[in-house]
Every structure is written in C-alpha cells, then in structure tokens.
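Next come the chains, spelled out residue by residue.
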Amino acid sequence: MSLKERDKKHIWHPLTQHKLHPEAIAITKAKDCLLYDEDGNEYIDAIASWYTCMYGHCNDYITGKVAAQMQQLDQVVFSGFTHEPAIKLSEELIKILPDNQNKIFFSDNGSTSVEIGVKMALQYHSNKGKKRNVLIAFEDGFHGDTFGAMSVSGLSVYNGPFEEFFITVKRIPTPNGENNQAILNQLSDIVKKNAVAGFIYEPMVQGAAAMKMYDTNGLSEILKFCNEKNIITIADEVMTGFGKTGKYFASDYIEIKPDVICLSKALTGGLVPMAITTCTQGIYEAFYSDDIGKGLFHAHTYSANPTACTAALASVELLQSSEIQNNITEIIASHKKFGAHIKEHSKVKSIRQTGVIFALDLNVEMERYGDLRDKLFKFFMDNGVFLRPLGNTIYIQAPYVITQNQLNKIYKVIEDVLNTL
C-alpha cells in the first residue's frame, strides 16, 4: 500500500473535510526549499511549510546542533529545573527583542503562546485587585485554535460551534490611515462601557486574513491609547516574527512597543514545536508575590525542551548572520520587481508586500475553501510549486535560502495560473 492509502485508515488531518478531500500528498523527504513526495515529484515550498522552515528544510547547522544536544540532555521537566539551552536562548532572544521585553515563558505552539499572553493580561489585573474581563481584538484576526486564542480570533469559519464558550471580546477594524480617529473614538467608547484587560493584535500583517496589511501609524496610536488606559498590549508575532517583515520583529517598525509578545513557528526553524511568550518586567512583577495563588500556573510537559531550545538558538544565530540578512534583502527586492510586473494583469485586483511576504488578490470572486481554490492549489502542485491560496489571495512566504531560479519559477507559475482564469 502507498503512504496515501495507509494514511486514510486512521489519520484525521487538520483543516480538512475528509469527505471532500480524501487524499493527502505523502512527503518523504525535504531539503532546503524542496519537498519530495512518494512518487518522486519535487515541489518548491513557497510558504516555508506555514512560515516555519525559514532557513530551509533540514538545515545542516540546526540539525547538527540538535544532534549534539540529543547526546547531552534530551528532556527534563522545567518546573524546578533549568538548563543551558534555555538560559542561553533567553539571553540571545532578549538581545534582539524590543528593548522593553525582559522575561520569557516557554510553551509548545502558537496557540498556547497566545493562551499564555491572554492569561497574563487577565491575571495581571486580577493580581492587582481589579476585575477586568474584556479583551479587544482586530476584526478578521487569527490567533490560534485553543479556547482563549479562538476567543480573540475573528475568523468565524474556525470558531462557529464554540462561540458561546468564549471570553468576552470587543472587535475593532484595522487602521488604514483614514479611519484612525474613528477607531480611537470607538476604543474610547468600549473602555467607558467595559472593564478592558488587554488588546491583542497581529502587528502589520494579519496572516490568516489573507496577509491583510494595515497602517502602522494607526496601530501605534491604538497602542498609545491602551498604555494610557493600563490595557495590556499583546503582539501576536507567531507569523510575523524572525525576519519576515524585513526586521527581526514587526514590532520593530512601531513606535509603541507591546507589553507581551507571542512567538512560535520560525522560532525553531521548523525543526520541532516550541513557543515562547515574552513580557516586560512590569508584567512579571504583578505575579511576583508571597501569595502562591498569584503565580502564573500554566505548564506544558515539554516546556523549554532542551533540543527545541537548541534548534531555536541555532535559528536565532542564522537569522542574525550576514548571509540570511542579505538573502532577505534580495527576496524583498525580487518581490518588488515581480509586483511591478504583475500588478497590471487583468486578473490581478491588488498586490501588497511587507518584507518577504508578498500577496496578490485575484480579480475573481471565490470562496475561501471553494472549488476554484482547489483548482489553483492543484495547478500549483502539478507545476512543482507548493502555494496554498487563502480565498482569492495567492501569497508567497518562501524560506530565506531560496534561489533566484526557484523564485522565478514561483513567479512564472503564478502568472501562468492567472492566464488560465
């Protein structure tokens, strides 16, 4: 039996309606920017496997470091214990994070990094003797699939059956430069009528909302308002973090820095799961008490797993290397050139770019998970490129090690599919 056939017996895949999509593509090997399936076909991974493998698949530097760590210390509980990989990672991360960040809390995926950020915001006020139980979030945001993360997410396609169980959230539009004052007025009204604990946002780019990009000055004004009202600000940098916007973090572009930052995905270079929630010293001090009940009682068995910390440390080293930084600059320039070429195509409604993230909206009406989306996906895969459209948006977020020839093939396949519509 093929891997595809064996897969059908027991596996339930994420984001999959199995009656409509009964088969999964079986990948047997990956290296750099290429995926290989069981039939010998190769595909350029143009989205870095959901923005994780930014230094390429099976990166020799990362795997070498992790292989050595596995011979020294594989796993130890992180409650009451510590170890060199976690300590060293915390030291190196703090050096590149926004300068108001000072404490690091480990977990195991993007959703849980958000759960912890939400808990920090709610319990911060509780520890200070104030009941604030409302959160603010952007419309169309996506922060994960656990309950707190779903609560603050605005894409109902993921959340429908669970909404009656959610934390109370008030939603605001993303700023576009023209509605900034209206949003501030809305915020003021929300705060007058509700006990607001925190505001969570994806800085600059809303990933699952089809790489929606918005006004950073407007975001800075929102963050300033929140600071004035003692509303804890939580930057979800699970997607945007580690160089994708052109700087280490999207928050580096914004004048007002967040109180809390959520990190995962490219944190470990795609090798193993891990997440981190960072915060200011002020947030941490609200939990520092003789009262044990004021501690942050959130734990994961694999928190700060030594091998995952080692993968993250190697990834942070690569991110800061001149080679990766030069590659990021070249990808940005290449995307700009492609955007200037393709924007006048009759099937292109609009284009946008932030750093290495390039998005193109089709001038075609289609459902997010409809038949046309499936046809686009099949076309890309049949032509050796892994692209995963979000509704009528085609986006690129390739590994930093991609070659110019590989980028050119991605661009050509996108242009070819436009010519078929």
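Above this text you will find the structure in question.
This report concerns the structure included in the present document.

What counts as what
- Residues numbered from 1 in each chain as written.
- Predicted model: local features only at pLDDT ≥ 70, side-chain atom pairs only at ≥ 80, totals over all residues.
- Heavy atoms only, no water.
- Helix = DSSP H or I, 4+ residues; strand = E, 2+ residues; numbered from the N terminus.
- Rg over C-alpha atoms; globule rule 2.2 N^0.38 Å.
- Contact = heavy atoms within 4.5 Å.
- Lys, Arg positive; Asp, Glu negative; His and termini not counted.
- Charge placed at Lys NZ, Arg CZ, Asp CG, Glu CD.
- Axes fitted to C-alpha atoms, helices over the stretch in contact; angles between N-to-C directions.
- Parallel < 35°, antiparallel > 145°, perpendicular 65-115°, else oblique.
- Left-handed = near helix turned anticlockwise from the far one by under 90°.
- Nonpolar A, V, L, I, M, F, W, Y, C, P; charged D, E, K, R; others polar.
- Phe/Tyr/Trp six-rings, centres within 6.5 Å; stacked < 30°, edge-to-face > 60°.
- Buried < 20%, exposed > 50% of the residue type's maximum accessible area, 1.4 Å probe, protein only.
- Lys NZ or Arg CZ within 6 Å of the ring centre and 35° of its normal.
- Salt bridge = Lys/Arg side-chain N within 4 Å of Asp/Glu carboxyl O.
- Pairing = 2+ DSSP bridges.
- Core = buried A, V, L, I, M, F, W, Y, C linked by side-chain atoms within 4.5 Å.
- Expected span 1.5 Å × (residues − 1).
- Polar contact = N/O pair within 3.5 Å; in protein donor to acceptor, adjacent residues only side chain to side chain.

Let's talk about the overall build of the protein chain
Piece 1. Broken down by element type, the protein chain carries 14 helices and 16 strands.
Piece 2. A compact globule built from 421 residues should have a C-alpha radius of gyration of about 22 Å, and the protein chain, at 22 Å, falls within 12% of that.
Piece 3. Here the C-alpha coordinates of the protein chain stretch approximately 60 × 55 × 45 Å along the principal axes.
Piece 4. Sequence separation of at least 24 residues holds for 70% of the intrachain contacts in the protein chain that already meet a minimum separation of 6.
Piece 5. Put simply, the protein chain has 41 plus and 48 minus side-chain charges, and the middle of one group is 3 Å from the middle of the other.

Considerations on the packing of helix α13 (residues 371–382) against helix α14 (residues 404–418)
Piece 1. Running from N to C, α13 and α14 point in directions that differ by 135°, and their axes come no closer than 10 Å. Here α14 runs oblique to α13, going by the angle between their axes. Two packed elements cross with a definite hand, and for α13 against α14 that hand is right-handed. Contact residues: Leu376, Phe379 and Phe380 in α13; Val413, Ile414, Asp416 and Val417 in α14.
Piece 2. Counted by class, the contact of α13 with α14 contains six nonpolar, no polar and one charged residues.

Side note on the packing of helix α4 (residues 84–96) against helix α11 (residues 306–319)
Piece 1. Relative to each other, α4 and α11 sit at 30°, their axes nearing to 9 Å. One way to sum up the angle between α4 and α11 is to call them roughly parallel. As for the relative orientation of α4 and α11, their crossing is left-handed in sense. Facing α4, whose interface residues are Pro85, Ala86, Lys88, Leu89, Glu92, Leu93 and Ile96, α11 presents Pro306, Cys309, Thr310, Ala312, Leu313, Val316 and Leu319.

Looking at the packing of aromatic side chains
Each aromatic ring pair is summarised here by two numbers: the centre-to-centre distance and the angle between the ring planes.
Piece 1. Across all of its chains, the model carries 15 aromatic pairs by this definition.
Piece 2. Pairing Tyr284 with Tyr288 gives two aromatic rings, centres 5.9 Å apart and planes at 35°, and the pair type is tilted.
Piece 3. With 4.2 Å between their ring centres and 10° between their planes, Phe338 and Tyr411 make a pair best called stacked. One end of the pair, Phe338, is in helix α12 (residues 322–342); the other, Tyr411, is in helix α14, with 73 residues separating them in the sequence.
Piece 4. Among the residues examined, Phe338 registers a relative accessible area of 4% and is labelled buried.
Piece 5. A relative accessible area of 7% places Tyr411 in the buried class.
Piece 6. Aromatic ring contacts, followed pair by pair, group Phe138, Phe199, Tyr201 and Tyr214 into a single cluster.
Piece 7. Lys103 extends its terminal NZ or CZ atom over the ring of Tyr284, reaching a point 4.4 Å from the ring centre.
Piece 8. Sitting over the ring of Tyr253, Lys247 keeps its end group 4.7 Å from the ring centre.

Observations regarding the pattern of salt bridges
Piece 1. For the structure on display, the rule yields 10 salt bridges.
Piece 2. Here Lys8 makes a salt bridge to Glu23, at a shortest N to O gap of 3.3 Å. Placement of Lys8 in helix α1 (residues 3–10) and of Glu23 in the loop between α1 and β1 (27–31) is noted, with a sequence separation of 15 residues between them.
Piece 3. Taking relative accessible area as the criterion, Lys8 reaches 43% and is therefore assigned partly exposed.

Here's the deal with the sheet that holds strand β3 (residues 42–45)
Piece 1. Read from one edge of the open sheet, four strands run β1-β2-β3-β15, paired in mixed fashion. The open sheet has two edge strands with one neighbour each: β1 and β15 (385–386).
Piece 2. Where β3 and β15 come together, two bridges link them in parallel fashion. Paired with Ile44 across the strands is Val385, a residue of β15.

Some thoughts on the nonpolar core
Piece 1. In terms of nonpolar packing, the biggest core is built from 101 residues, with Leu89, Phe199, Phe242, Leu387, Ile410 and Ile414 touching the most fellow members.
Piece 2. At nine residues, α11 tops the list of elements feeding residues into this core.
Piece 3. If near-sequence neighbours (up to four positions away) are discounted, Phe199 is found in contact with Ile136, Ala137, Phe138, Ile172, Leu219, Ile222, Leu223, Cys226, Ile231, Ile232, Thr233 and Ile234.
Piece 4. If you look at the next biggest cluster of nonpolar residues, it comprises 22 residues, including Ile116, Ala149, Ile200 and Val260.

Here we look at helix α5 (residues 110–127)
Piece 1. Helix length check: α5 (18 residues) gives 25 Å between terminal C-alpha atoms against 26 Å at 1.5 Å per residue, within 8%.
Piece 2. Counting buried residues in α5 gives 15 out of 18 residues, a clear majority hidden from the surface.
Piece 3. Sitting at the amino-terminal end of α5 is Asn109, which places a side-chain oxygen 3.0 Å from the backbone nitrogen of Ser111.
Piece 4. Phi for Gly129, located one or two positions after α5, is positive at around 80°.

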